[in-house]
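# Observations on the three-dimensional arrangement
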Amino acid sequence: MLFFVVLSSLGFLAFYLSRSSKEMPKNWQQLRSEILWQYLGVRGLIEDYYLRKYNRVDLFKQPGRVAVITGGNRGIGADVVEKLLQCEINVIMGVRNPKEAQKNIELRVDFSELDGVKIYYEYLDTGNLKSVRQFAKSVQQKFNKIDILINNAGIMASPYYLTEDGFESQFAVNYLGHFLLTHLLLPQLKAAGTQDLNSRVVNVSSCANILGEINMNDINGTKDYYPPNAYNQSKLAQVLFTRHLQLLINQDEDLHLQVHAVHPGVVDTDLFVHSSTTYVPWFKKLLFKNTEEGSRTIVYAAISPKIEGKGGSYLSNCVRVPVNPLAKDKVLREKFFDFTCKLLDISFFPK
Ligand SMILES: NC(=O)c1ccc[n+]([C@@H]2O[C@H](COP(=O)([O-])OP(=O)(O)OC[C@H]3O[C@@H](n4cnc5c(N)ncnc54)[C@H](OP(=O)(O)O)[C@@H]3O)[C@@H](O)[C@H]2O)c1
């Protein structure tokens, strides 16, 4: 009896401390989501452990090329920026606090070693469509060719709120803003790609896409909102976008562009700020990847010659891994792509 009580108390404690959100599940549906989420987290850690030998990227000099990254002032993105600069790629960071971003990057990177490499810190809030348009404009004014776009900025399991444009925050910040940015920078991405070297878009998704469902009838998830479900949806949305965009690109001979979706691994960053794992920071330090390890698959997707011409893939630890079966559904992908264009009032490929 005592054994049973001790065991179930330990089980509850483990559940309590590894919740995706600080909110407790309020009904069976939410409890189910939470249990699946925790199962996925453990699976992600095991996957990172077994695939760690593949998690490698070779950096090489590519002077004159230009990369745009959303976020990048901290977390995994800061290590991505550092690697891009080591490759002598010029970088434009879209960040909410340009001054702070500059301070952080200058602390990490010795620019005296990087002759002629340029870095720009521009204001961007991916959760605000007006800001995305302004950022795209300022990028276009600086460069008429963009070789790499990394859609990295993200939030996870945040409590329910609607952005100024009226969208659920995770859907807006993680997916919708990046969809619009990719559309707006398409002419510059198109200009950079050549028959020998594609330009690239990297959507930083997550293994959480596996649990995602797309609810076009209630995209904000207003009925029974549970934060991790909205994250799962936004991350699946990025994978559907990746696949459908690659399909459309492949139909246009003049478009030398490839698109990838990436899971960076389970990485110790502030992304978990709304999760109860913040109560046990040592647990994350011990078991999660560090940000340098987390950055490798993203940079691999952005520059590796090994995947040249192999767009549309979903990568983790620098290898292709299985994706949510919904991402294989062509009809759903097309419907959701068109649905997103309607939300944004755009035609993705302007005539
Ligand atoms: N960490 C993981 O285990 C993990 C696993 C799977 C996928 N990912 C994905 O990896 C990406 C990077 O996450 P991370 O772990 O590095 O998290 P992080 O340390 O919390 O960094 C998030 C980055 O996104 C930026 N950001 C957030 N909201 C933004 C907004 N509205 N506009 C512009 N920038 C915004 C942040 O900038 P501010 O400083 O302005 O907030 C920061 O640079 C995310 O897309 C995340 O979903 C991470």
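Residue indices begin from 1 for each chain and proceed along its sequence in written order. A pLDDT threshold of at least 70 governs which residues receive local features in this predicted model, and a stricter bar of 80 or more applies before side-chain atom pairs are shown or counted, although totals over entire chains, interfaces and linings include all residues. Think of the side-chain values as coming from all heavy atoms in the structure, minus any hydrogens and water.

## Here's the deal with the overall build of the protein
We apply this condition: In this description a helix means any DSSP run of H or I spanning at least four residues, a strand means any run of E spanning at least two, and both kinds are numbered starting from the N terminus. Note on method: radius of gyration uses C-alpha positions; expected globular size equals 2.2 Å times residues raised to 0.38. Residue burial is assigned from relative accessible area. The probe radius is 1.4 Å, only protein chains are included, and a residue is buried under 20% of its type maximum, exposed over 50%, and partly exposed in between. What makes two residues a contact is simply this: any of their non-hydrogen atoms within 4.5 Å. Using a 1.4 Å probe, the Shrake-Rupley method yields the accessible areas, and only the shown protein chains count as cover for residues. The positive count covers Lys and Arg only, the negative count covers Asp and Glu only, and His and the chain ends enter neither. A charged residue contributes its charge at one atom only: NZ of Lys, CZ of Arg, CG of Asp or CD of Glu.
Looking only at helices and strands, one finds 11 helices and 8 strands in the protein. On C-alpha atoms alone, the protein measures out to a radius of gyration of 20 Å, which is about the 20 Å that the 2.2 N^0.38 rule sets for 351 residues. Dimensions of the protein, computed from the C-alpha atoms along their principal axes, are close to 70 × 45 × 35 Å. Counting only residues that meet the buried cut, the protein has 56% of its 351 residues in that class. Counting only contacts in the protein whose residues sit at least 6 apart along the sequence, the fraction spanning at least 24 positions is 77%. When the accessible area of the protein is evaluated, it comes to approximately 16,600 Å², of which 56% is carbon and sulfur surface. Positive and negative charge centroids in the protein, built from 40 and 35 side chains respectively, lie 3 Å apart.

## A few points about the site of the ligand
Stated precisely, the cut-off is as follows: For this description, a residue counts as near a given molecule or strand if any of its non-hydrogen atoms is within 4 Å of it. Think of a polar contact as two N or O atoms within 3.5 Å of one another; within protein, one of them needs to be a possible hydrogen donor and the other a possible acceptor, and neighboring residues in sequence only count if both atoms come from side chains.
Lining the immediate environment of the ligand, one finds 30 residues, of which Asn73, Arg96, Tyr231, Val267 and Thr269 sit closest. The separation between a nitrogen atom of the ligand and a polar main-chain atom of Thr126 is 2.9 Å. Between Val267 and the ligand, the recorded distance is 2.7 Å, taken from a backbone N or O atom to an oxygen atom. Protein coverage of the free-state accessible area of the ligand, which is 900 Å², stands at 95%.

## What about the environment of Glu213?
The residue Glu213 is located in the loop between strand 5 (199–204) and helix 8 (227–250) in this model. As a C-alpha pair, Glu213 and Asn232 span 19 residues in sequence and 7.2 Å in three-dimensional space. Contacts of Glu213, omitting those with residues within four sequence positions, involve Gln233, Leu236 and Leu326.

## Considering the pairing of strand 5
The side chains of a regular strand alternate between both faces of the sheet. For clarity, the threshold we go by: Two strands are counted as paired when DSSP detects at least two bridges linking them.
Across the 6 residues of strand 5, 6 count as buried, placing the element largely inside the fold. The alternating pattern of strand 5 places Ser199, Val201 and Asn203 on one face and Arg200, Val202 and Val204 on the opposite face, and all of these are buried. The sheet contact formed by strand 4 (residues 148–151) and strand 5 spans 4 bridges and is parallel. Directly across from Ile150, in strand 5, lies its bridge partner Val202. Strand direction decides the pairing type here: strand 5 and strand 6 (residues 257–263), joined by 6 bridges, are parallel. The partner of Arg200 across the bridge, within strand 6, is Gln258.

## Overview of the packing of helix 8 against helix 11 (residues 330–344)
For any two helices packed against each other, the geometry is given by the interaxial angle and the distance between the axes. For clarity, the threshold we go by: Axis lines are fitted to C-alpha atoms, over the contacting stretch for helices. Their N-to-C directions set the angle, which ranges from 0 to 180 degrees. Geometric relationships in this document are graded by angle, where less than 35 degrees denotes roughly parallel, more than 145 denotes roughly antiparallel, 65 to 115 denotes roughly perpendicular, and other angles denote oblique. Residue type decides the class: Asp, Glu, Lys and Arg count as charged, Ala, Val, Leu, Ile, Met, Phe, Trp, Tyr, Cys and Pro as nonpolar, and the leftover types, Gly among them, as polar.
At a minimum axis separation of 9 Å, helix 8 and helix 11 run at an interaxial angle of 100°. Overall, the two elements helix 8 and helix 11 adopt an arrangement that is roughly perpendicular. Between helix 8 and helix 11, the residues in contact are Ala237, Leu240, Phe241, Arg243, His244, Leu247 and Leu248 and Leu332, Arg333, Glu334, Phe336 and Phe337, respectively. The residue inventory of the contact of helix 8 with helix 11, partitioned by class, reads 8 nonpolar, 1 polar and 3 charged.

## So, the pattern of salt bridges
Operational definition: Any carboxyl oxygen of Asp or Glu within 4 Å of a side-chain nitrogen of Lys or Arg constitutes a salt bridge here.
Within this structure, the stated rule accounts for 13 salt bridges. Here Glu292 and Lys83 are joined by a salt bridge, their closest N and O atoms 2.7 Å apart. With Glu292 in helix 10 (residues 291–303) and Lys83 in helix 3 (residues 75–86), this pair connects stretches of sequence that are 209 residues apart. Residue Lys83 is classed as buried on the basis of its relative accessible area of 8%. Across the pair Arg296 and Glu292 runs a salt bridge, and its minimum N-O distance is 2.7 Å. Of this pair, Arg296 and Glu292 both sit in helix 10, 4 residues apart, which is roughly one turn of the helix. The exposure class of Arg296 is buried, given its relative accessible area of 16%. The class of Glu292 is partly exposed, set by a relative accessible area of 29%. Each of the salt bridges in this network shares a partner with another, and the network as a whole consists of Asp79, Glu82 and Arg108.

## Remarks on the packing of aromatic side chains
Definition in use: Stacked, tilted and edge-to-face pairs are distinguished by plane angle, under 30 degrees for stacked and over 60 for edge-to-face with tilted covering the rest, among Phe, Tyr and Trp rings (Trp via its six-membered ring) whose centres lie within 6.5 Å.
Per the stated rule, a full pass over the model turns up 20 aromatic pairs. The interplanar angle of 70° and the centroid separation of 6.0 Å between the aromatic rings of Phe241 and Phe348 together place this pair among those described as edge-to-face. Placement of Phe241 in helix 8 and of Phe348 in the segment after helix 11 is noted, with a sequence separation of 107 residues between them. On the accessibility criterion, Phe241 (2% relative accessible area) is buried. Accessibility expressed as a relative area gives 3% for Phe348, which makes it buried. Put simply, the rings of Phe167, Phe171, Tyr175, Phe179, Phe241, Phe336, Phe337, Phe339, Phe348 and Phe349 touch in pairs and so form one group of aromatic residues.

## Quick notes on the sheet that holds strand 6
An order of 3-2-1-4-5-6-7-8 is seen for the 8 strands of this open sheet, with the pairing classed as mixed. Each edge of the open sheet carries a strand with a single partner, namely strand 3 (119–123) and strand 8 (319–320). Bridge count between strand 7 (residues 314–316) and strand 8: 2 bridges; the pairing is antiparallel. The residue of strand 8 that forms the bridge with Ser316 is Val319. The strands touched by helix 5 (residues 129–142) within the sheet are strand 1 (66–70), strand 2 (90–95) and strand 3, with strand 3 carrying the most contacts at an inclination of about 155°.

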